[in-house]
Amino acid sequence: MVKGRIRCTAQKFLAMRIGIICEGVSDRAVIENVIIGITGLDTSDFEPLRPQDNFDETDIAAMDPNLFSTWSVVKKECEEREKIEMFLQMDGQELVVIHLDSAEADAYGIDRPHKKDANYNETLRNLIVAKIDEWLENEYLESILHAIAIEEIEAWILTIYEKNDSSKTIDPKQKLKNVLSKERINSTEDYDNYSGLSESLSKKKKIVRGQFYSYNYSLRAFVEEVQMKYNDRLDKLSLTFPE
């Protein structure tokens, strides 16, 4: 009873911001919705560390390098850790999301398990988490949220539109386009559209009931990690700033 009251007070009076390093702005839109559904935060509580703005993917060539990202840029940010360190130094800036899709795991040195392995999703996610932690040299791990999508983050969105295990989808991006096309829904891959497509993931009651993550292992693993680390940071903030 007391613990619940402290957490409510912390959420109401203690500011918490979450930084995000991801492969693209459309990925960030989905990740933000998932975290909102778990924590009750809103979009103003997120700090895009990389990429730093919401842009049209076709404009990348003309951009400042800070405004776009790929898996190799995510790797570089983990290895250098400058943005991560600067963000976490500020009071109330407690967590940083690191996102990778597994679609390009071969390119960043992951020895994939066999696709027919019963624990394929769990094993592959664990390998990618370990790779990120290796890039970080095991620093800041208590503040890192691993948003690992298998194979692509579109598999998380698919849980809204189909009641099937999207973890088994070979090409989630194309599958999502096909599903949306049948319903005449726009599938444009940008921040605003992906935010709208994945808005249901921001609904706390649906997240708590497991309505979506029961259809995707990597989404469930991310939800569980956010719940654990977010509540842990709230507890520490509540002790630092008691009523």
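What counts as what
Residues numbered from 1 in each chain as written. Predicted model: local features only at pLDDT ≥ 70, side-chain atom pairs only at ≥ 80, totals over all residues. Heavy atoms only, no water. Pairing = 2+ DSSP bridges. Helix = DSSP H or I, 4+ residues; strand = E, 2+ residues; numbered from the N terminus. Axes fitted to C-alpha atoms, helices over the stretch in contact; angles between N-to-C directions. Contact = heavy atoms within 4.5 Å. Buried < 20%, exposed > 50% of the residue type's maximum accessible area, 1.4 Å probe, protein only. Polar contact = N/O pair within 3.5 Å; in protein donor to acceptor, adjacent residues only side chain to side chain. Core = buried A, V, L, I, M, F, W, Y, C linked by side-chain atoms within 4.5 Å. Arc of directions from axis to C-beta. Salt bridge = Lys/Arg side-chain N within 4 Å of Asp/Glu carboxyl O.

A. Looking closely at the sheet that holds strand β4 (residues 144-149). Read across the open sheet, the four strands follow the order β2-β1-β3-β4; overall the sheet is parallel. The sheet terminates laterally at β2 (46-50) and β4, the two strands that pair on one side only. Strand-to-strand twist across the sheet, computed as the mean angle between neighbouring axes with direction ignored, equals 25°. Pairing between strand β3 (residues 93-101) and β4: six bridges, direction parallel. Residue pairing across strands places His99 opposite Ala147, the latter belonging to β4. Contacting β1 (17-21), β2 and β3, helix α3 (residues 71-80) crosses the sheet at an angle of about 145° to β3. Sitting on the sheet, helix α5 (residues 120-135) touches β3 and β4, and the angle it makes with β4 is about 135°.

B. Up close: the environment of Leu124. The residue Leu124 is located in helix α5 in this model. Residue Leu124 is classed as buried on the basis of its relative accessible area of 0%. Along the chain, Leu124 and Ile148 lie 24 residues apart, while their C-alpha atoms are 9.4 Å from each other. The contacts of Leu124, once residues within four sequence positions are left out, are Ser102, Ile110, Arg112, Pro113, Ile150 and Glu151.

C. A look at the side chain of Ser167. Here Ser167 shows up in the loop between α6 (154-161) and α7 (172-182). For Ser167, a relative accessible area of 3% translates into the label buried. A polar contact is formed between the side chain of Ser167 and the backbone nitrogen of Tyr217, at a distance of 2.9 Å. Ser167 has contacts with Asn121, Tyr215, Asn216 and Tyr217, leaving out every residue within four places of it along the chain.

D. Region of interest: the nonpolar core. Among the nonpolar cores identified, the biggest contains 41 residues, and Ile31, Val34, Ile35, Val97, Trp156, Leu219 and Phe222 are the most heavily contacted of them. At the level of secondary structure, the elements contributing two or more residues to this core comprise β1, α2 (25-39), β3, β4, α6, α7, α8 (191-197) and α10 (217-240). Considering every element that reaches this core, the biggest residue donor is α2, with eight residues. Beyond its immediate sequence surroundings of up to four residues, Val97 is in contact with Ile18, Gly19, Ile20, Ile21, Ile31, Ile35, Leu145, Ala147 and Phe222.

E. Focus on α7. Those residues of α7 that sit buried are Pro172, Leu176, Val179 and Leu180. Around the axis of α7, the buried residues are gathered within 95° of arc, so they sit on the same side. Exposed side of α7, more than 90 degrees from the buried face: Ser181 and Lys182 are the residues found there. Contact partners of the buried residues in α7: α6 and α8. The first or second residue beyond α7 is Arg184, which carries a positive phi of 55°.

F. The pattern of salt bridges, seen in detail. Under the defined criterion, the tally for this structure stands at 19 salt bridges. Among the ionic pairs, Arg112 bridges to Asp106, the shortest N-O distance being 3.2 Å. A relative accessible area of 23% places Arg112 in the partly exposed class. Residue class for Asp106 comes out exposed when judged on its relative accessible area of 53%. Close ionic contact of Glu199 with Lys203 constitutes a salt bridge, the shortest N to O distance being 3.8 Å. Glu199 sits in the partly exposed class, given a relative accessible area of 42%. When salt bridges with common partners are traced through the structure, they connect Asp106, Arg112, Lys115 and Glu151 into a single cluster.

G. The arrangement of unusual backbone geometry in detail. The linkage connecting Arg50 with the following residue, Pro51, adopts the cis geometry, with an omega of -10°. With respect to the element layout, Pro51 can be found in the loop between β2 and α3. That bond from Ile150 to Glu151 is cis: its omega, -5°, falls within 30 degrees of zero. Among the structural elements, Glu151 can be located in the loop between β4 and α6. Non-glycine residue Asn138 carries a positive phi angle of around 60°. On the basis of relative accessible area, Asn138 is assigned to the exposed category, the value being 55%. The residue Tyr140 is not glycine, and still its phi comes out positive at about 65°.

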